[in-house]
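Here is what each chain is made of, one letter per residue.
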Amino acid sequence: MKKKVIIAGPCAAESESQINFSAREAKKRNIDFLRVSLWKPRTKPGFDGLGEKGISLLVKVAKMGVNPATEVIIPSHAEKVIEAVLTAAPTVKVLLWIGARNQNHYIQQEIARVVGNEKRVLLMVKNQPWPSLEHWEGIIEHVLHGGINPKNLLVCHRGFSPNGHPNPYGYRNVPDYEMARIIKQKFDLSMLFDPSHTGGSIKNILRLAKESSKHSFDGMVIEVHPNPKIAKTDAKQQLTWKQFDDLLKVI
Ligand code: PEP
Ligand code: MN
């Protein structure tokens, strides 16, 4: 069986000490990519990431031999991150992702074009917030149309907004495992699952991580913070590294 890809780390990069600590924990566990997001789409104004001034933190992570992963909002973010990380660390990979709220197909295509055929760059696309097979297919088609090498492309299921749908466990977003299976099969791409943004709480994350591991996902994206109580974003859904270790035992 193919090894599952694990992307873990803070929702957002907040400070140098937070990222140093996280990179050391990621290195100890040999995880595939450290989540260290520099840009954060938010529902309401607030901390929306360190932005470009955080690129030096990604470089630091890469120099420690850990592969960084960040959301990018516009193509110039992708260009700047790729250039900085690939030149600073000759062997690491970098993973960029397009988030659920970034539903402008010109931008999706252009980010895909920037990634293109870069050997050490992966692009992950998350599904849109509302449930629609057609729209989810469309995002992937737009990204492929942008000219990315499909070998550089991953998909991530982060659930759909529960508005009006049965939601007995109070998930932040409700998973649709069947739709994820259809997409994975149709495009023959690796499909990861994000129990953090689906679950929205520690209890739900553990439940969903376990449940989703019975489906054919190729990996997971999990939010882990050195001290979740003081996290600047998504404090309720970030695990400690100890909780992350416990989660890995049940998946
Ligand atoms: C994220 O992964 O940081 C995020 C905001 O999730 P989503 O785009 O799935 O809402
Ligand atoms: Mn988050």
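Okay, so let's go over this structure. Along each chain, the written sequence defines residue order, and numbers are assigned to residues from 1. Just so you know, chain letters begin at A and ligand numbers begin at 1, following the order they were written in. At least 70 in pLDDT is required for a residue's local features to be given in this predicted model, at least 80 for side-chain atom pairs to be given and counted, and no such filter applies to totals for whole chains, interfaces and linings, which use all residues. Side-chain descriptors were evaluated using all non-hydrogen atoms of the structure, hydrogens and water having been removed beforehand.

## A word on the pairing of strand β3 (residues 68–71)
So, point 1. What you see with β3 is no split at all: Pro 68 and Thr 70 on one side and Ala 69 and Glu 71 on the other are buried throughout.
So, point 2. At least two bridges found by DSSP between two strands are what make those strands a pair. Counting from the N terminus, the helices are DSSP H or I runs at least four residues long and the strands are E runs at least two residues long. Pairing geometry for strand β2 (residues 33–35) and β3, over two bridges, is parallel. Across the sheet, the residue bridging to Leu 34 is Pro 68, located in β3.
So, point 3. Direction of pairing for β3 relative to strand β4 (residues 94–98): parallel, over a ladder of three bridges. Bridge pairing in β4 links Ala 69 to Leu 95. Relative accessibility decides the category of a residue: with a 1.4 Å probe and only protein chains considered, values under 20% of the type maximum give buried, values over 50% give exposed, and everything between is partly exposed.

## Examining the pattern of salt bridges
So, point 1. Salt bridge, as used here, is a side-chain nitrogen of Lys or Arg placed within 4 Å of a carboxyl oxygen of Asp or Glu. Counted according to the given criterion, the structure contains 16 salt bridges.
So, point 2. The closest approach of N and O atoms between Lys 28 and Glu 25, which form a salt bridge, is 2.9 Å. Taken together, the residues Lys 28 and Glu 25, both in helix α1 (residues 16–29) and three residues apart, mark about one turn of the helix.
So, point 3. Residue class for Glu 25 comes out buried when judged on its relative accessible area of 10%.
So, point 4. One salt bridge connects Lys 80 with Glu 52, and the closest N-O pair in it is separated by 3.1 Å. Of this pair, Lys 80 sits in helix α3 (residues 75–88) while Glu 52 sits in the loop between β2 and α2 (55–63), and the two are 28 residues apart along the sequence.
So, point 5. Residue Lys 80 is classed as partly exposed on the basis of its relative accessible area, which comes to 37%.
So, point 6. Where salt bridges share partners, they join Glu 25, Lys 28, Arg 29 and Asp 245 into one cluster.

The values are spatial; any link to function lies outside them.
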